[in-house]
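Examination of the molecular architecture
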Amino acid sequence: MKLKYKPLDVILLLTALVGGVFVWRTGKEQARIRAKIEQMTRTTGDLVITDPDRIHVLALDTGEPLHFAWRIYLPADYELIRRETSSSSVTVSPTSGGDPIPAREVILRVHFRESADGPLNLYERHEDGSHREYFGSVSLAKVLHGRFDKVIVEQLGARKAVSVDMDEPLDLLSLKLPADLEAEYFKQISAVERAEYNPQFFQYCFGPEAKKPPTSGEGEPIR
């Protein structure tokens, strides 16, 4: 006995089939998007903004010594301006043009690599682009060769996300040689270089300098 289908029944059946395929594809796409979001969260960290008027910083795990990265939230009208230090090799100029600056998130990155020419290669990625250049002396590169993991690192946001007020220093990174490598380095440099030596051989800082306590006029802090 053959079943007879009315035209309306056929249309409803086809509609149900198409709807089922659409739901399946939608569910599959949603699963793909959820997986992508989870992957991005693992890579860039989960940065929760507790106060939109404060800078928020979270260091990212790169899995490599002397390769550092941060996910940073910058409030509206905040310019990310590199602060010159004795160990800074690059100064990032402000990009002000009079227009309001929206709140945004950026990824900053600092990466040192050995080069065939002697000095280290320094790669920086900042808000306005990227920069690569030689860094430090051949002597420093020799001391660090194969021992990058011994460098004393102070990295903002390394343990958990932190927030910083807009008028406070934003000191993201400080690198220092341990005592044994420092002694080895001193044997390779001149007396003049030793006199000018900064224990922090690299600093990655933005914003104003730290406020110093007021003095009594003789160079001593007021107690």
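Above: the structure in question.
Everything quoted here is computed from the prediction, not taken from an experiment. Residue numbering note: each chain is counted from 1, following its sequence as written. Owing to the predicted nature of the model, reporting of local features is limited to residues with pLDDT of at least 70; listing and counting of side-chain atom pairs is limited to 80 or more, with chain, interface and lining totals taken over all residues. The basis for the side-chain values is all heavy atoms of the structure; hydrogens and waters are excluded.

Time to look at the overall build of the protein. For the purposes of this entry, the term helix denotes a DSSP run of H or I that reaches at least four residues, the term strand denotes a run of E that reaches at least two, and both are numbered from the N terminus. A count of helices and strands for the protein gives four helices and nine strands. Ordering the α and β elements of the protein from the N terminus gives α-β-β-β-β-β-α-β-β-β-α-α-β. In the protein, buried positions account for 30% of the 223 residues. Residues are treated as being in contact if the distance between any of their heavy atoms lies within 4.5 Å. When contacts within the protein are restricted to residue pairs at least 6 apart in sequence, long-range pairs at least 24 apart make up 61% of them. Exposure classes here rest on a 1.4 Å probe applied to the protein chains alone. A residue is buried below 20% of its type maximum, exposed above 50%, and partly exposed in between.

With that settled, the discussion passes to the sheet that holds strand S3 (residues 104–113). Strands were regarded as paired on the criterion that DSSP finds at least two bridges between them. With antiparallel pairing, the six strands of this open sheet are ordered in space as S5-S4-S3-S2-S1-S7. Where the open sheet ends on each side, the last strands, each with one partner, are strand S5 (129–135) and strand S7 (162–164). On average, each strand axis in the sheet is inclined to that of its neighbour by 20°, with strand direction left out of account. In this structure, strand S4 (residues 120–126) lies alongside S5, joined through seven bridges in antiparallel fashion. Residue pairing for S5: Arg 125 is matched across the bridge by Ser 130. As a rule, the C-alpha atoms of each element are fitted with a line to give its axis, helices using only the stretch in contact, and angles between N-to-C directions run from 0 to 180 degrees.

With that out of the way, let us pick up the side chain of His 67. Assignment of secondary structure puts His 67 in strand S2 (residues 67–74). Setting aside anything within four residues of it in sequence, one finds His 67 in contact with Thr 62, Arg 109, Val 110 and His 111.

Right, let's get into the sheet that holds strand S8 (residues 170–176). Strand order in the open sheet formed by three strands is S6-S8-S9, with antiparallel pairing between adjacent strands. In this open sheet, the two strands that pair with only one neighbour each are strand S6 (152–155) and strand S9 (200–206). If you compare each strand with its neighbour and ignore which way they point, the axes differ by 5° on average. Looking at chain direction, S6 and S8 are connected through four bridges and run antiparallel. Note on S8: the bridge partner recorded for Gln 155 is Leu 173.

This paragraph deals with the environment of Lys 160. Residue placement: Lys 160 occurs in the loop between S6 and S7. Through-space distance from the C-alpha of Lys 160 to that of Asp 46 is 9.9 Å; in sequence the pair is 114 residues apart. The residues touching Lys 160, leaving out its near neighbours within four places in the chain, are Val 57 and Leu 58.

Turning next to the environment of Ser 139. Mapped onto the elements of the fold, Ser 139 is located in helix H2 (residues 138–144). Apart from the residues lying within four places of it in its own chain, the contact partners of Ser 139 are Tyr 185, Gln 188 and Ile 189.

Function cannot be read off these values alone, since they describe shape.
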